[in-house]
Amino acid sequence: MRRIRPRRSPAVPLLLAVWAGAAGVLWLWWRNTPAISDDTGKILGAGRITGLLAGYLMALVVLQMARVPALERRVGSDRVARWHAMTGRYTLCLVLAHVFLIMWGYAAQAGRGLGDIVAQTVDSVNQLPDMGKAAIGTGLLVVVGLLSVGPVRRRIPYDTWYHVHLLTYAAVFLTFWHQLTTGNDFAVEPVASTVWYALYGSVTALLLWYRVLTPLRLNLRHRMRVEAVIEETPGIVSVLIGGRRLHRMGAEAGQFFRWRFLAPGMRFSSHPYSLSAAPRPDMLRITVKAIGDHSARLRELAPGTRVWAEGPYGALTAQRRSRGKVLLVAGGVGITPMRALFETLPGASGDITLLYRANSTQDLALWDELAGIADERGARLMYAVNSPDGERPDISAETLARKIPDVERHDVFLCGPPGFAQSVYEALRGAGVPARRIHHESFEM
């Protein structure tokens with residue numbers, strides 16, 4: 001405990017590298033842009049810079065989907081997912097702006113007006129090299145973007161959204177080629193073309209390695225199967241998964257895998273579930289609440305069912321710890337990674353505290369296990385449930401300071417639904433806990 005050295009997130013250096021790359025793209029555009037004297041030149045110049053930035057961000061969108069360990073396990077999967085969503089929105093906006101501005105500029109060069117953009121677009125697709133593929137790719141990007149809008153995303157099944165989202169790869173591939181064949185900056189700067197090929201080639205290599213070859217090697221090596229399914233409380237089940245030399249997977253308490261169960265009706269569904277117990281050499285366990293079609297069907301899994309897993313992912317591990325005392329806060333099914341950390345985090349008697357929020361005492365999954373761990377370790381276990389009349393418990397800065405007088409000297413690990421996590425985060429900040437010592441990760445991927 002005297003040698004606690006928290007693993008620092010590389011988020012800041014990575015963001016600086018991203019901005020440096022964007023600056024390089026801007027420099028390339030500036031270097032190859034002559035003096036602009038008319039409106040048509042200004043429109044085409046704006047179209048070129050939006051296209052270059054869109055092409056650069058497309059590579060980052062794919063990189064953020066590649067599940068590179070430095071991102072998934074150091075920065076955090078939820079944070080990378082937010083980066084991916086934000087980058088995707090910027091990319092789509094830049095792509096649409098690029099198409100509009102370039103077609104407007106081409107129309108102006110041909111003596112056409114703004115109302116002739118559609119006709120100009122059709123002519124360009126038919127006449128310019130690789131523009132047909134680019135048009136198809138742009139259409140796919142628009143479809144993915146529309147289905148990723150919050151209200152739409154919440155109304156479609158997860159599996160449908162997930163598989164449509166994979167069309168992003170096809171969209172990036174189709175739009176890549178016209179950047180080099182019709183892009184003025186790459187035509188006059190051969191070095192720029194080489195750098196662009198290197199950028200996309202490196203991202204493609206990382207994608208194939210971590211999305212295809214690494215999972216293939218992991219599953220061929222460990223041969224995982226369902227050992228048993230146990231009902232913990234109504235609507236919540238634990239799935240025990242056995243395999244060979246599972247300790248060599250490098251999984252830690254607090255992490256999750258993306259699980260695919262090779263049972264009828266579930267083979268094409270891959271969902272993220274956290275480990276709910278410390279990994280063992282011969283056994284992994286997940287605990288899942290039935291909140292969708294996939295999670296509800298887990299109770300039907302038969303022993304012996306083959307399991308395909310990708311991971312481990314997530315940065316909510318003991319490596320983030322910087323203080324001797326730790327507060328774990330779980331909301332609902334967010335208890336699963338907290339239960340594993342509650343069992344494994346080093347600490348003397350009284351150093352570890354777990355606060356578990358649920359709607360009722362019947363919803364306190366794994367409570368008997370948690371109570372046993374608390375007794376064995378001398379840890380503190382608290383719960384917050386609704387009153388009989390449905391009133392929600394008060395988890396405020398004042399309540400936390402009263403129940404845990406030295407809460408500002410704790411590291412805090414937080415997992416739960418977004419609304420709950422946000423309210424608890426604000427309460428912790430109000431109680432004096434520095435933001436750098438509040439470690440949280442959303443389990444809704």
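Whatever comes next refers back to the structure up there.
Quantities reported herein were computed from a predicted structural model and do not represent experimental measurements.

Engineer: Could you clarify how one ought to interpret a nonpolar patch on the surface in this entry?
Structural biologist: Together, L208, W209, V212, L213, L216 and L220 make up an exposed nonpolar region whose accessible area comes to about 530 Å². Counting through the fold element by element, V212 comes out in helix 10 (residues 190-222).

Engineer: Any chance you could explain the packing of aromatic side chains here in plain terms?
Structural biologist: Centre distance and the angle of the planes are the two values used to describe a pair of aromatic rings. By the definition in use, this model includes 15 aromatic pairs. An angle of 55° between the planes, with centres 6.3 Å apart, marks the rings of W29 and W30 as tilted. Relative to W196, the ring of F186 lies with its centre 5.1 Å away and its plane at 50°, an arrangement referred to as tilted. Taken together, the residues F186 in helix 9 (residues 184-188) and W196 in helix 10 connect sequence positions 10 residues apart. For F186, a relative accessible area of 5% puts it in the buried group. Taking relative accessible area as the criterion, W196 reaches 5% and is therefore assigned buried. Taken together, the ring pairs in this structure connect F173, F176, W177, F186, W196, Y197 and Y200 into an aromatic cluster. Seen from the ring of W161, R153 lies directly overhead, with NZ or CZ sitting 4.4 Å from the centre.

Engineer: Help me out: how do you make sense of the sheet that holds strand 4 (residues 271-274) in this one?
Structural biologist: To summarise the sheet geometry, strands pair through backbone hydrogen bonds and adopt either a parallel or an antiparallel arrangement. Taking strand neighbours across the sheet as the criterion, the 3 strands line up as 4-3-6 in an open arrangement whose pairing is antiparallel. Edge positions in the sheet fall to strand 4 and strand 6 (307-313), since each of these pairs with one other strand and no more. Within the sheet, the average angular offset between the axes of one strand and its neighbour, ignoring direction, is 30°. Sheet analysis places strand 3 (residues 256-261) next to strand 4, joined by 4 bridges and oriented antiparallel. Opposite R258, over in strand 4, you have P272 as the bridge partner.

Conventions adopted
Residues numbered from 1 in each chain as written. Predicted model: local features only at pLDDT ≥ 70, side-chain atom pairs only at ≥ 80, totals over all residues. Heavy atoms only, no water. Patch = residues over 30% accessible without salt bridge, like charges linked within 9 Å, V, L, I, M, F, W, Y side chains within 5 Å. Areas by Shrake-Rupley, 256 points an atom, 1.4 Å probe, with all protein chains shown as cover. Salt bridge = Lys/Arg side-chain N within 4 Å of Asp/Glu carboxyl O. Helix = DSSP H or I, 4+ residues; strand = E, 2+ residues; numbered from the N terminus. Phe/Tyr/Trp six-rings, centres within 6.5 Å; stacked < 30°, edge-to-face > 60°. Buried < 20%, exposed > 50% of the residue type's maximum accessible area, 1.4 Å probe, protein only. Lys NZ or Arg CZ within 6 Å of the ring centre and 35° of its normal. Pairing = 2+ DSSP bridges. Axes fitted to C-alpha atoms, helices over the stretch in contact; angles between N-to-C directions.

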